[in-house]
There are 4 protein chains.
Amino acid sequence: NKLWGGRFEQTVTDKVEKFTESISFDKELYKHDIMGSKAHASMLAKQGLIGESDRDSILKGLDEIQRNIEAGEFEWREDREDVHMNIEAALTEMIGEPAKKLHTARSRNDQVLTDFKLWCRDAIDRIVASIKNLQVALVKLALNNEGLIVPGYTHLQRAQPVLLPHLLLAYVEQLERDAGRLLDCKVRMNFCPLGACALAGTGLPIDRFMTSDALGFTAPMRNSIDAVSDRDFVLEFLSANSITAIHLSRLGEEWVLWASEEFGFITPSDSVSTGSSIMPQKKNPDPMELVRGKSARVIGDLVTLLTLCKGLPLAYNRDLQEDKEPVFDSIKTVVGMLEVSAEFAQNITFNQERIQKSLPAGHLDATTLADYLGLPFRTAHEIVGTCVHLCVSRNLRLEDLTLDDLKRISPAFHQDVYEYLGVENAINKFRSYGSTGAACVAKQLDYWVTKFGISKN
Amino acid sequence: NKLWGGRFEQTVTDKVEKFTESISFDKELYKHDIMGSKAHASMLAKQGLIGESDRDSILKGLDEIQRNIEAGEFEWREDREDVHMNIEAALTEMIGEPAKKLHTARSRNDQVLTDFKLWCRDAIDRIVASIKNLQVALVKLALNNEGLIVPGYTHLQRAQPVLLPHLLLAYVEQLERDAGRLLDCKVRMNFCPLGACALAGTGLPIDRFMTSDALGFTAPMRNSIDAVSDRDFVLEFLSANSITAIHLSRLGEEWVLWASEEFGFITPSDSVSTGSSIMPQKKNPDPMELVRGKSARVIGDLVTLLTLCKGLPLAYNRDLQEDKEPVFDSIKTVVGMLEVSAEFAQNITFNQERIQKSLPAGHLDATTLADYLGLPFRTAHEIVGTCVHLCVSRNLRLEDLTLDDLKRISPAFHQDVYEYLGVENAINKFRSYGSTGAACVAKQLDYWVTKFGISKN
Amino acid sequence: NKLWGGRFEQTVTDKVEKFTESISFDKELYKHDIMGSKAHASMLAKQGLIGESDRDSILKGLDEIQRNIEAGEFEWREDREDVHMNIEAALTEMIGEPAKKLHTARSRNDQVLTDFKLWCRDAIDRIVASIKNLQVALVKLALNNEGLIVPGYTHLQRAQPVLLPHLLLAYVEQLERDAGRLLDCKVRMNFCPLGACALAGTGLPIDRFMTSDALGFTAPMRNSIDAVSDRDFVLEFLSANSITAIHLSRLGEEWVLWASEEFGFITPSDSVSTGSSIMPQKKNPDPMELVRGKSARVIGDLVTLLTLCKGLPLAYNRDLQEDKEPVFDSIKTVVGMLEVSAEFAQNITFNQERIQKSLPAGHLDATTLADYLGLPFRTAHEIVGTCVHLCVSRNLRLEDLTLDDLKRISPAFHQDVYEYLGVENAINKFRSYGSTGAACVAKQLDYWVTKFGISKN
Amino acid sequence: NKLWGGRFEQTVTDKVEKFTESISFDKELYKHDIMGSKAHASMLAKQGLIGESDRDSILKGLDEIQRNIEAGEFEWREDREDVHMNIEAALTEMIGEPAKKLHTARSRNDQVLTDFKLWCRDAIDRIVASIKNLQVALVKLALNNEGLIVPGYTHLQRAQPVLLPHLLLAYVEQLERDAGRLLDCKVRMNFCPLGACALAGTGLPIDRFMTSDALGFTAPMRNSIDAVSDRDFVLEFLSANSITAIHLSRLGEEWVLWASEEFGFITPSDSVSTGSSIMPQKKNPDPMELVRGKSARVIGDLVTLLTLCKGLPLAYNRDLQEDKEPVFDSIKTVVGMLEVSAEFAQNITFNQERIQKSLPAGHLDATTLADYLGLPFRTAHEIVGTCVHLCVSRNLRLEDLTLDDLKRISPAFHQDVYEYLGVENAINKFRSYGSTGAACVAKQLDYWVTKFGISKN
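The structure reproduced in this document is the subject of the present report.

Rules behind the numbers
Residues numbered from 1 in each chain as written. Chains lettered and ligands numbered in written order. Predicted model: local features only at pLDDT ≥ 70, side-chain atom pairs only at ≥ 80, totals over all residues. Heavy atoms only, no water. Least-squares fit on C-alpha atoms with pLDDT ≥ 70 in both. Contact = heavy atoms within 4.5 Å. Buried area = accessible area lost by both parts, 1.4 Å probe. Salt bridge = Lys/Arg side-chain N within 4 Å of Asp/Glu carboxyl O. Polar contact = N/O pair within 3.5 Å; in protein donor to acceptor, adjacent residues only side chain to side chain. Helix = DSSP H or I, 4+ residues; strand = E, 2+ residues; numbered from the N terminus. Buried < 20%, exposed > 50% of the residue type's maximum accessible area, 1.4 Å probe, protein only. Pairing = 2+ DSSP bridges.

### Quick look at the relation of the copies chain A and chain B
Piece 1. Take chain A, turn it by 180 degrees, move it 0.0 Å along the axis, and it overlays chain B with an RMSD of 0.0 Å. Taken together, the rotation and translation relating the two chain copies correspond to the operation of a two-fold axis. Scanning chain A for the C-alpha nearest the rotation axis identifies A:Gly300, at a separation of 2.2 Å.
Piece 2. When the interface residues of chain A are mapped onto chain B, 100% of them again fall at the interface, so both copies present the same face.

And the structure:
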């Protein structure tokens, strides 16, 4: 007694039913399915394809079903396969004959895509909000630590001194592009498949523009075969998520490093740390480890979806039912990663004293020294390299070298060289646009503070 | 009030708790966790680290907990993080003081790996059994269609005639290697991590050989750091699953093709087909489409796990908690794919008449004809190519060419050529080991029938 | 004697040199590296950081080097590591002292990203042009086959009749979104990293807006750490490529099916087919098989790049040198896939007669029949399902059923039902926006013809 | 004038030729192709399918061609598509008529798989040797640093003290399983496809056992369709490589951490370090960064191959030509990673003094202290957690607490507690099998020293 059972003599076996059902996960779409069905019913009535009282029964019935679902009183049945059939069958039980008219000029093929796009549109808004939330947390963290100099790294070797806010704003920039990518994706996906029916459209006089408008789409999709067969909108969505996840994995790695005994830059509060079942002293930065780790499943979800779509002929194939779980998982994971990163950001303290004490290590001022020389850069580089070599062999800082030491290496050194040495001096020299110079960073910080409407106190 | 809370002043925030919990999925391990704890407790008692009555309380309590879980009466608590802490805490509530001794000389790091390996060992057995089940279904299908000639394809173009059993046994061969791969994986993983503790072992006089034996492992792992940090056993497991999934995706593709109107080789029964919500005539081979499609998530799961492990320093990192869901999903999916494929195999009929009618198309006998000529093969190939070209231009079969036609192309053709033309003649010529010749295929079929103990009637 | 050798006593071992070199692949960037260096030198001169005659020597020298490279006369040296050092060292050999000033206020970190973005910008233009080229080929194929009805499929089962142009335009729609995705990517990436230097900017008075403008960027990147450490622009690029590749893999699959003996929809010309080394009759649609297959490496390239970036702390890490090969491979592959698909499209003939002969199979008119009934759709679906069941048991088409047959199933059938049966009738009924109705398809076709400026004769 | 051109009127277009050629990469197989052809020719002669003088000409010609290739004098022609056709055509030019007989009872389908398996077999031997080489380097490093205590980490937080050799041997264990996995793969792949021909075998009286033996295979493959269509042997191979690559990425991460200013555990020699183009002081551990990074492409190669094979129907499809590049790339990359890791291991010095100075940080003795208490472990854990809390608030080590301090927390502490505190004391307590206890580690080290025949001086 499937709703499509007319030509069938046997029902499917239990194993096949279990293997092919999607209700266990696609019920997630219930709200958008009902939204779509309401728009569809209203359009059918407007076009005279169903009566107005039928429409009213349907709308009322669907509202009732939504209430039931949200109250946890709806019985989801596996033998009804999916969210669409569950709701349609329940509607039929509730209001009888009119329900049987709802699926006029509609197939599950266009219905599910309408639902899924509506769901994804909301999901994008949710992620974009979470991105902003994390950006704000990072900007506030930057505000709270203005002026704090930390070592900047390349190859995880100390490179040049940077202001902590400068470094934190690098993540804010990345996240801003992440949001832009998602919004582009939303614009591109926001065309309505409803009315494409199975794959070819219909001969019934439907009005696709009406349903498209009612559901907030830009316009109906132009080609019915394209409408039911392509999944590029979720491929693009999960790609964008993967890039965000990669960004967060890097933040995770960095903060795990910073929380280590060896770096010792930050102390996370107890409220974002966990302990060990055996080692009583342990206090681990688990949330950021999991942020790093969970990036893997976001990538795995994308690979699943790409592999799924590879090599399928037009139009709809049942394989595509497998498109939902990776999308649901990807969104849930990324939102969690963003939220927890923001919470972590709000619960760390920078160990300013310890950081400052460590700054002399690593010759962070070497490049500034090369710039000081005013020689052809390759020559300057070679000279400073020799100075560093001397420091390493004597276990000194560059600023510990005497002017004699320096002059022996190059006559281009003069007394004013000491205004360029040491981390504070070095950082004070930066002035290029986008650099870690204090004025540049202050301007960047202002930009974001204003953009996000953050109060500075 | 976490079990590790001694040094902490605050508990974790709700969001962090929700983000870091694993109980929602790792409760799947409960049986193996209890099994491991029982072996551990027995060993602790034997070594005098806990008393015998403590041990007895623990064993009894754990049995009780297992019964509760299996009766659905156990309360899994998210604030207790994972399956290990849930069971230990419940045991403490149940039996008090002795429970607090259970975690002696043990960390969750070695505990979870012991549980996970035990679980995987069982899972491998389950998959290997499902593989055999599908192999048997394929062999039976071959038996039921002995002698049926079908077109063999390369490039999805008709190539040479083959016996259907020969083709079905190709999948049986693939599956046999799949099982072998899993069994190798099981041998390699079957070393016991228990007693590695956090990462360094312990100073307490435990007996790791005793627990290893009790749990059916080959031996304890030799290096405690390796024991808690590596996940290669699941990487290997999911790799093996991915290969199986690829094999099944190819079977799925093939059977979807065969069920199409255009190929028309098989008719699946209604019990393994589903219909359309809009198109009343549709009868779709959904299970095999989903077999094909679900291969994607098995690959996605592997990618998740590989990406997860990439670049993590020793030893345990919290990222690794993410190792379980992809494994659970991969196993569940592959078992489903295998079972449903077997069920599908049991519910299809080969349309012998239609297949036979289509055999003359595609010049399946061309290669046999080239062999017939007895000329240097390149020359023979060229000659038969010319014959085919003639057939294409006149819309004929090779056997429709007259001896004059043939002789005009090459004097090497004689009257006996017609014993080599036509699909039946062509297939009768095959005789090389492993070929599609009737005798060879019969021998292969016998091999599998005997191996699986299949009754031929 | 590396250019960075000042502080070093030993040079690297041969194995390390070989393992870490990038010149074997990054010489691909030579043109953009020179372009970037010229803009940089001009800016340095304008800002007074180098003299005008130094600038002129540098510009002239770089032009000379470009000519040498393009004439195949440049010696790429592995011991000079990468394209940047090769060109700088050659310039030094050529013009001496001034060359040593070129690297003022610049690091390879910002240099390589400038080069790479310039390269990617060009690559996007190249792909977008290839996309349009394929779209045009598909539209022309549609124009040449206006009015040709083919079976539309879902689940690879015959579903409803569609016009071939409608189906071909589905791919045109997909490709249009593909191009849009790339152009969005280009807009987002088009910000200039030059001047970010190693990671922190510089204290020298450079003008980043000048170089940004000279190189056609929208603006300099705002944050120097972000500038040198992020690779999201290539992640987004390869994601877009992967989606395009997926689309093409589906086209490949479809055309391989269509070229099979069983479907027989198309005949590719000899000029896009290849033969077999053993089977003289074979003519295989290899290009489209490879289009399908090569999608795999495009996905693999994306996975490489995602995995590469996962978990790297700020700012630059040497791992990132591995970003180039997957990008080069992805672009080359996708361009090849697009070009060959277009060429294939130009070299196939639709077998109109054979297609038409096959149309009665599969009850393609069943949904039209359900719409005809004007009953609640679920009821109509059930009735037509029963009609189909009758046809299957008697091996008839729906139009072969007598009015009596039909009326026995439902009194809602009347004589005019026969105006709805048969594929021609069925297709004539379609009229919804975006449907396969002749008028709708003609409008779509016109849209693309006009957009691409295709002449209709 | 392709060798398969008999039925064709046109040759392929330039673009198609370029897109479909494989000679640019499959010439890598030349040696194994010649080896296979020689065995095949000898078998054909033995079976009377070609004459003995033909055989002799062929063998001599093939040897000559191999010499030409190895002397760099062979002209590889793209219009001859692949390595097989290039060699066969060159042989024909060289020896004439006999060459045309070589392809008797053979197709490129079985030929390429024979070549590829022979190549992979050698590649496995090469990787296994490189694995052993790295293991030896690690064992020697362990020998040179016996007794060196380093902090063991979980969550990158200091956990317990471990002996450096113990930690290094964890990698040796992983690598040992990696080698085992490859050897299992080799056993499973070592069955000969030659004689499967296009897909169906042949009617000619070939002896597949003879060629299988001559080429060192275990036996001929049992099923000709399986033989030409499956690629599971390379999927398994690349899976094994991916796991090895993951292991090496972890080693890479760890050594990059250790080389940082903050950890400061190791100093790599100049010969395995590189500098910066702008920062004169930089000395970067690039080889290990690239080892970490290159793991990404090994995973990408696997994904390419899995995606490639997904959903292909039997038997051979041209997509499968794409199987070679990812395999070649994966092997080359993994061998490079292994070799460079070994070289790096030979060129680092452990900074023993600095490590030792840092050991008191992180309360590495906390777990030993909990064991000391002899209380139910949960209680002991709680008590020591309280001690740690006290230390953190007062910035003390556990051994700095007075007995009074301790007794206030628990009466279970006595004077002998100080024999358990401090890193040296802590490490001396370990004694469980596989633990970091000195005796256990010595035994492990002996095991490997003996196994690899390493001389201890």
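### Focus on the interface of chain A and chain B
Piece 1. With 62 residues of chain A at the contact, the number on the chain B side is 62 residues.
Piece 2. Buried area between chain A and chain B, both sides added, is near 5,700 Å², and the carbon and sulfur share of it is 61%.
Piece 3. For the pair chain A and chain B, the number of links is ten salt bridges.
Piece 4. In this structure, the salt-bridge partner of B:Arg318 is A:Asp286, at a minimum N-O distance of 2.3 Å.
Piece 5. For the interface between chain A and chain B, the tally reads 28 residue pairs in polar contact (both at pLDDT 80 or more).
Piece 6. Counting only elements with at least two residues in the side of chain A that touches chain B, the list comes to α1 (14-20), α11 (286-309) and α12 (324-345) of chain A.

### As for the pairing of strand β2 (residues 157-163) of chain D
Residue and element names in this part refer to chain D.
Piece 1. With seven of seven residues buried, β2 is to be regarded as a mostly interior element.
Piece 2. Pairing between strand β1 (residues 149-154) and β2: six bridges, direction antiparallel. Residue pairing across strands places Tyr153 opposite Arg158, the latter belonging to β2.
Piece 3. Taking the residues between adjacent antiparallel strands as the criterion, β1 and β2 are bridged by two residues, where His155 takes a positive phi near 60 degrees.

### Things to note about unusual backbone geometry
Piece 1. Cis peptide bonds are those with omega within 30 degrees of zero, and the linkage from A:Leu314 to A:Ala315 qualifies with -10 degrees.
Piece 2. Its location among the elements puts A:Ala315 in the loop between α11 and α12.
Piece 3. Of note, the phi angle at A:Leu156 is positive, near 55 degrees, even though the residue is not glycine.
Piece 4. In this structure, A:Leu156 sits in the loop between β1 (149-154) and β2 (157-163).
Piece 5. Assessed through its relative accessible area of 4%, A:Leu156 is described here as buried.
Piece 6. Located in the positive-phi region is C:His155, a residue other than glycine, with phi close to 60 degrees.
Piece 7. Assignment of secondary structure puts C:His155 in the loop between β1 (149-154) and β2 (157-163).

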